[in-house]
Amino acid sequence: MRAVVTGGAGFIGSALVERLLAEGDAVEVVDDLSTGSLARLAGARAAGGSFRFHQLDVAEPELAVLLARRRPEVVFHLAMPTSVAAAAVAPAADARAVLVGGLAVLEACRAAGVGKVVVVTSAAGLLALRPDEAGAPLAERAADASRAPGGPARRALLDELAAFRERDGLEYTALCLGTVYGPAQLETGADGAVARFARALAAGEPATLEGGGTATRDFVFVDDVVDALARAKARGTGLLVNVGTGVETSARALWELMAGLAGNDPGWRVAPGRPGAPSRVCLDASRAAIHLGWRPWTRLEDGAAAVLAAARSLAATPGPAAGAHREGEPTAAAAPGAVR
Ligand SMILES: NC(=O)c1ccc[n+]([C@@H]2O[C@H](COP(=O)([O-])OP(=O)(O)OC[C@H]3O[C@@H](n4cnc5c(N)ncnc54)[C@H](O)[C@@H]3O)[C@@H](O)[C@H]2O)c1
């Protein structure tokens, strides 16, 4: 297949690109490098398949030109803000990136006669639970009622996907992701709780638990997410599909798990919670099992152990400190969604 991956120089996108190349697809990456980096594509370049990179914002008209020339069968759209908490602070910027960027991709796909678009969206925006709410894990239909920051804009994009399918025959699958983690998150200074805790443990430092670490997430390993994306090339058409484990883990429980794996516990300190960050996320992935033949293969213990091993090996490597800021890449402080 000919595939285009927007956001392909990011954490999840670069892993997807390697998977598609391994499956024999010809892959073009479109990425503006706002949070991604070319270094993440070293594996794809080394893979030796048919691969090209285009530095481009998806909202630019050149995207339509590119798709019309390449005529991909499938477009994976991952070029979006990684944190819905940023939507609480700057909803206009979030909606512009999600909705205007998403519509630009759909327009370009329609004009180029693309067969299918696979879009990722965020459980923290669409399927967050209140602290005392019953009914977890949540199925996809609960997304209809989301009032979480970033939720309405993401729902509007889902409506547009359905409208493009009905009017123009552009097929889609939208994958609603839990909190994705993996060793490659360590390569930049930013990011989620698993990477931060692994870095702290490798350095023998205490963790910082925002809001006391009571908020829960559905942590899902990046390779499993990539597997769901790859399956969605040919399956799950016309659906929103949850990609999570159905297991709810608080930041504090995650720290305890990882400190146990590390064999030392430097302790933790409490920081204020971030406004807009959801209290609980837990996904029912039954639809993914039925329509994609997918299930989460990686247990949190095993995935977290892999991140911890990578953090230790980075900490033991001479040169720039593990997770150090590299020129041209955002710092954790600069990225509003640094903690997911
Ligand atoms: N990581 C998670 O836990 C998580 C959870 C839920 C959903 N998601 C979604 O998955 C996608 C990828 O997340 P990630 O963790 O790999 O983030 P990432 O920041 O590593 O990747 C996003 C990539 O998109 C690029 N990009 C952003 N805006 C762009 C634009 N307008 N034009 C072209 N390129 C652009 C960035 O440079 C980056 O390479 C995002 O859409 C995010 O919302 C991620």
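Residues numbered from 1 in each chain as written. Predicted model: local features only at pLDDT ≥ 70, side-chain atom pairs only at ≥ 80, totals over all residues. Heavy atoms only, no water.

1. What to know about the domain arrangement of the chain
Thought 1: Each assigned domain of the chain is listed with its residue range as follows: domain 1 (2-179 + 219-243) and domain 2 (185-218 + 246-316).
Thought 2: A C-alpha centroid distance of 23 Å is found between domain 1 and domain 2.
Thought 3: Of the residues lining the interface, 40 residues belong to domain 1; the matching set on domain 2 comes to 35 residues.
Thought 4: In total, about 3200 Å² of surface goes out of reach between domain 1 and domain 2, with carbon and sulfur atoms giving 62% of it.
Thought 5: A per-residue breakdown of the area domain 1 buries against domain 2 is headed by R40, F219 and D224, which together make up 23% of the total.
Thought 6: Taken together, domain 1 and domain 2 are joined by 1 salt bridge.
Thought 7: Close ionic contact of E140 with R287 constitutes a salt bridge, the shortest N to O distance being 3.9 Å.
Thought 8: Our count for the contact surface shared by domain 1 and domain 2 stands at 17 residue pairs in polar contact (both at pLDDT 80 or more).
Thought 9: When residues of the side of domain 1 that touches domain 2 are traced back to their parent elements, those giving at least two are α4 (85-89), α6 (123-126), β6 (128-129), β7 (171-177), β11 (219-221), α9 (222-231) and β12 (239-243).
Thought 10: It is β12 that provides the largest number of residues to the side of domain 1 that touches domain 2, a total of 5 residues.
Thought 11: Taken together, the residues of the side of domain 1 that touches domain 2 sort by class into 26 nonpolar, 5 polar and 9 charged. (Domains from an automatic or database assignment. Contact = heavy atoms within 4.5 Å. Buried area = accessible area lost by both parts, 1.4 Å probe. Salt bridge = Lys/Arg side-chain N within 4 Å of Asp/Glu carboxyl O. Polar contact = N/O pair within 3.5 Å; in protein donor to acceptor, adjacent residues only side chain to side chain. Helix = DSSP H or I, 4+ residues; strand = E, 2+ residues; numbered from the N terminus. Nonpolar A, V, L, I, M, F, W, Y, C, P; charged D, E, K, R; others polar.)

2. Remarks on the packing of helix α5 (residues 91-112) against helix α7 (residues 151-168)
Thought 1: Where α5 meets α7, the axes come as close as 9 Å, and the angle between the chain directions of the two elements is 15°. By the angle between their axes, α5 is roughly parallel relative to α7. The interaxial crossing formed by α5 with α7 has right-handed handedness. Of α7, the residues touching α5 (which contributes D94, A95, V98, L99, G102, L103, L106, E107 and R110) are A153, R154, A156, L157, E160, L161, F164, R167 and D168. (Axes fitted to C-alpha atoms, helices over the stretch in contact; angles between N-to-C directions. Parallel < 35°, antiparallel > 145°, perpendicular 65-115°, else oblique. Left-handed = near helix turned anticlockwise from the far one by under 90°.)

3. Some remarks on the environment of A203
Thought 1: Relative to the helices and strands, A203 resides in helix α8 (residues 193-203).
Thought 2: A203 gets classed as partly exposed once you look at its relative accessible area, which sits at 47%.
Thought 3: For the pair A203 and G246, spaced 43 residues apart in the sequence, the C-alpha separation amounts to 31 Å. (Buried < 20%, exposed > 50% of the residue type's maximum accessible area, 1.4 Å probe, protein only.)

4. Considering the pairing of strand β9 (residues 207-210)
Thought 1: What you see with β9 is a clean split: A207 and L209 sit on the buried side and T208 and E210 on the side with no burial.
Thought 2: Note: β9 against strand β14 (residues 268-271), 4 bridges, orientation parallel. Within the sheet, the bridge partner assigned to E210 lies in β14 and is A271. (Pairing = 2+ DSSP bridges.)

5. Some points on helix α3 (residues 62-70)
Thought 1: Listing the buried residues of α3 in full gives L63, L66 and L67. Considered in projection along α3, the buried side chains sweep an arc of 95° and stay on one side of the axis. Relative to its buried face, α3 has exposed residues pointing more than 90 degrees away, namely V65 and R69.
Thought 2: At its buried positions, α3 is contacted by β1 (2-6), β2 (26-31), β3 (51-55), β4 (74-77) and α5.
Thought 3: Count one or two residues on from α3 and you reach R71, which has phi positive near 50°. (Arc of directions from axis to C-beta.)

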